[in-house]
Amino acid sequence: MVASENNIAREDSDRRKIIIVVAVVAVVIIGGLFYLLMRAGSGGGVNPPARLEGAIRAGSPEWDKYSKSIWHEEPLAYDSKPLLGGPVMTFHTTVRNLTGRTINGLEIWVAVVDHQDKTVRERTAVVIPTELHPELEPNKTMEVTVPLNFAETDDRKDIKLEITGFKLK
């Protein structure tokens, strides 16, 4: 009887060791995945800004003619802290097309500035064409949302939003 109890105790001990080893390996793998996801979501990588190819930009005659007719409301920005990654500021505005032509490409620049009016974080986003908004017809409006990652330690005083390029049909 004592020998079988020792075998059972040894088997239980072996099972516990296996369970502990598997749990430690799982914790290391899951921790590594969270680390990689947080790095990818923090905006720490070097990504070139989104550019709208062939867009009408400041300095061209068409820019001077049409840019005053592509209007946007004063942007609002909301902070949020996703489960993974750093804090995100989401910019919201409404764009109005008063050009008389369909806009089939729109590039927007957003930025956060500090108390010295220096840019802390910035992003350029192409908001047309997208799956939700392939184009913006004349005399129509469109809600625009652009997220921007930032660090919790960033000095943030104000936000900026500008239309930097567009294409017309």
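Source: prediction; values computed, not measured.

Caption draft 1: Structural view of the environment of Phe 150. Along the chain, Phe 150 falls in the loop between strand S6 (141–149) and strand S7 (158–168). As a C-alpha pair, Phe 150 and Val 120 span 30 residues in sequence and 8.4 Å in three-dimensional space.

Caption draft 2: Expanded view of the pairing of S6. Residues Met 142, Val 144, Val 146 and Leu 148 of S6 are buried on one face, while the alternating residues Thr 141, Glu 143, Thr 145, Pro 147 and Asn 149, pointing to the opposite face, are not. Two strands pair when backbone bridges link them, and strand S3 (residues 88–97) and S6 are joined in this way by 9 bridges, in the antiparallel orientation. Across the sheet, Val 88 pairs through a bridge with Asn 149, a residue of S6.

Caption draft 3: A look at the pattern of salt bridges. Going through the model one piece at a time under the given rule, you end up with 7 salt bridges. Between Asp 79 and Arg 156 there is a salt bridge, and its shortest N-O distance comes to 2.7 Å. Here Asp 79 is found in strand S2 (residues 76–80), whereas its partner Arg 156 is found in the loop between S6 and S7, with 77 residues between them in sequence. With relative accessibility at 46%, the residue Asp 79 sits in the partly exposed group.

Thresholds, definitions, all that
- Residues numbered from 1 in each chain as written.
- Predicted model: local features only at pLDDT ≥ 70, side-chain atom pairs only at ≥ 80, totals over all residues.
- Heavy atoms only, no water.
- Helix = DSSP H or I, 4+ residues; strand = E, 2+ residues; numbered from the N terminus.
- Buried < 20%, exposed > 50% of the residue type's maximum accessible area, 1.4 Å probe, protein only.
- Pairing = 2+ DSSP bridges.
- Salt bridge = Lys/Arg side-chain N within 4 Å of Asp/Glu carboxyl O.

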